[in-house]
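Architecture and fold: a report
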Amino acid sequence: MDMRVANDKPGSDTWSVGDITLNSRFLLGTARYPSPQVLRDAIVAAGTQVVTVGLKRTLAAGDNGFVGVVRQALAETGARLLPNTAGCRTAREAVQLAHMAREMYETPWVKLEVVGDEHTLQPDMFELLAATQQLVHDGFTVFPYCTDDLVGCRRLLDAGCPLLMPWGAPIGSGQGLLNPFALRTLRERLPDTVLIVDAGIGAPSHAAFALELGFDAVLLNTAVAQARDPVAMARAFKLAIEAGRTACRSGLIAPQDFAVASTPVGGEPMLLGAAP
């Protein structure tokens with residue numbers, strides 16, 4: 001099975017969004033940290049080059065030093081800001097919020113979220129597509145938080161998305177990759193598309209698995225922010241993502257339904273204990 005990663009070129013290990021080239025495959029959220037300083041330290045420990053922030057939450061809570069800390073961390077690390085439309089329930093609401101984010105943060109990038117179910121917080125693929133079409137027309141670079149439905153994902157690509165961000169599990173659930181079959185299908189059927197697992201990752205092993213499947217990156221928040229030691233956890237995820245990526249590039253062996261001896265026992269005779 002070919003788990004080739006989009007943008008993966010011989011001799012390099014970078015990926016890109018438009019004309020922006022990135023090295024880190026760890027995108028980090030900024031919500032629910034115990035303090036602005038812990039957030040700043042986690043961003044540095046993660047080695048992330050993309051940090052996402054929810055405009056709705058920022059406007060509701062006020063600054064409280066949060067925006068300043070994020071900007072400081074971005075300046076120190078050279079990371080880019082990815083505003084998101086978390087909390088939106090309609091395409092119209094998401095489009096309005098995206099325009100506010102572009103004006104406030106001076107970036108055309110937007111992580112587009114339009115939720116259709118209050119219990120699972122599952123993306124509404126119909127409203128998401130409508131919002132995508134409008135925002136692409138308005139000059140945005142849209143990072144769509146979507147389901148793992150192949151047909152719906154193709155519609156988003158046709159609408160102008162440069163990448164896809166399918167969920168691994170419901171947001172904040174920490175359940176990991178609930179449907180590896182669907183994720184493998186996306187990777188196989190969309191070999192040249194940047195794919196980022198977004199939502200549901202709870203442990204570094206989940207992130208490593210996503211990279212082993214051939215995904216280009218992961219985005220997570222709660223698993224770091226709510227850890228007992230967010231800074232150490234950010235570092236753990238960084239290492240796991242690097243390990244998963246290296247494993248994918250090295251070529252994982254195919255699983256077998258039967259035992260395969262790792263030490264050959266046939267062929268030339270061997271006398272145990274004999275002098276060489």
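Shown above is the structure to which this text applies.
As the structure is a computational prediction, the values presented were derived from the model and not from experiment.

**Some details on the overall build of the protein chain**
Along its length, the protein chain carries 10 helices and 10 strands. When the 276 residues of the protein chain are sorted by exposure, 46% land in the buried category. Of the contacts formed within the protein chain by residues at least 6 apart in sequence, a portion of 66% connects residues at least 24 apart.

**Digging into the nonpolar core**
Val218, Leu220 and Val224 are the most contacted members of the largest nonpolar core, which totals 62 residues. Counting residues per element, this core draws most heavily on helix H4 (residues 91-105), which supplies seven residues. Residue contacts for Leu220: discarding those within four places in its chain leaves Phe26, Leu27, Leu28, Gly29, Ile201 and Phe237. Judged by nonpolar contacts, the second largest core, of 14 residues, contains Leu82, Trp109, Leu163 and Leu219.

**Focus on the state of the cysteines**
Simply put, the disulfide is a covalent bond whose two ends are the sulfur atoms of two cysteines. Applying the stated rule across the entire model yields zero disulfides. Its sulfur unpaired, Cys146 is 3.9 Å from the next cysteine sulfur, which belongs to Cys153.

**With respect to H4**
Between the first and last C-alpha of H4 there are 21 Å, a value that for 15 residues agrees with the 21 Å anticipated at 1.5 Å per step. Considered for burial, the residues of H4 that qualify are Ala91, Ala94, Val95, Leu97, Ala98, Ala101 and Tyr105. One side of H4 carries all its buried residues, which in axial view fall inside an arc of 165°. For H4, the exposed residues set more than 90 degrees away from the buried face come down to Arg92 and Glu103. Directly after H4, the chain includes Glu106, whose backbone phi takes a positive value near 55°.

**Things to note about the packing of H4 against helix H5 (residues 125-137)**
The contact between H4 and H5 brings their axes to 8 Å, and the two run at 40°. With respect to their mutual orientation, H4 and H5 come out oblique. In the packing of H4 onto H5, the handedness of the crossing is right-handed. Two secondary-structure elements touch here, H4 through Ala91, Val95, Ala98 and His99 and H5 through Glu127, Ala130, Ala131, Gln134 and Leu135. Class assignment of the residues belonging to the contact of H4 with H5 gives a composition of six nonpolar, two polar and one charged.

**Describing the pattern of salt bridges**
Considering all chains together, one arrives at 10 salt bridges under this definition. Two residues, Arg25 and Asp13, come together in a salt bridge whose shortest N-O distance is 3.1 Å. Highlighted residues: Arg25 in the loop between strand E2 (20-22) and strand E3 (26-29) and Asp13 in the segment before strand E1 (15-17), separated in sequence by 12 residues. In this structure Asp13 comes out as partly exposed when scored by relative accessible area, which is 30%. Three or more residues joined by partner-sharing salt bridges are found here, namely Asp13, Arg25, Arg245 and Arg249.

**Some details on unusual backbone geometry**
One non-glycine residue, Arg32, lies in positive phi territory at about 70°. Judged by relative accessible area, Arg32 falls into the exposed class, the value being 53%. Even without a glycine there, the phi angle at Glu106 is positive, about 55°. The residue Glu106 is located in the loop between H4 and strand E6 (109-112) in this model. With a relative accessible area of 71%, Glu106 lands in the exposed category.

**Quick word on the side chain of Thr107**
The residue Thr107 is located in the loop between H4 and E6 in this model. Here the side chain of Thr107 touches Trp109 through a polar contact of 3.1 Å, landing on its backbone nitrogen. If sequence neighbours within four positions are ignored, Thr107 has contacts with Leu81, Pro83 and Arg102.

**What about the packing of aromatic side chains?**
A full pass over the atoms with the stated rule returns two aromatic pairs. Between Trp109 and Phe143, the aromatic rings sit 4.9 Å apart at their centres with planes inclined by 50°, giving tilted as the arrangement. Of this pair, Trp109 sits in strand E6 while Phe143 sits in strand E7 (residues 141-146); the two residues are 34 residues apart in sequence, bridging distant segments of the chain. Assessed through its relative accessible area of 4%, Trp109 is described here as buried. The ring of Phe140 has Arg102 lying over it, and the distance from NZ or CZ to the ring centre is 3.9 Å. A cation over an aromatic ring shows up here: Lys111 above the ring of Tyr145, its NZ or CZ 5.5 Å from the ring centre.

What counts and how
- Residues numbered from 1 in each chain as written.
- Predicted model: local features only at pLDDT ≥ 70, side-chain atom pairs only at ≥ 80, totals over all residues.
- Heavy atoms only, no water.
- Helix = DSSP H or I, 4+ residues; strand = E, 2+ residues; numbered from the N terminus.
- Buried < 20%, exposed > 50% of the residue type's maximum accessible area, 1.4 Å probe, protein only.
- Contact = heavy atoms within 4.5 Å.
- Core = buried A, V, L, I, M, F, W, Y, C linked by side-chain atoms within 4.5 Å.
- Disulfide = S-S within 2.5 Å.
- Expected span 1.5 Å × (residues − 1).
- Arc of directions from axis to C-beta.
- Axes fitted to C-alpha atoms, helices over the stretch in contact; angles between N-to-C directions.
- Parallel < 35°, antiparallel > 145°, perpendicular 65-115°, else oblique.
- Left-handed = near helix turned anticlockwise from the far one by under 90°.
- Nonpolar A, V, L, I, M, F, W, Y, C, P; charged D, E, K, R; others polar.
- Salt bridge = Lys/Arg side-chain N within 4 Å of Asp/Glu carboxyl O.
- Polar contact = N/O pair within 3.5 Å; in protein donor to acceptor, adjacent residues only side chain to side chain.
- Phe/Tyr/Trp six-rings, centres within 6.5 Å; stacked < 30°, edge-to-face > 60°.
- Lys NZ or Arg CZ within 6 Å of the ring centre and 35° of its normal.

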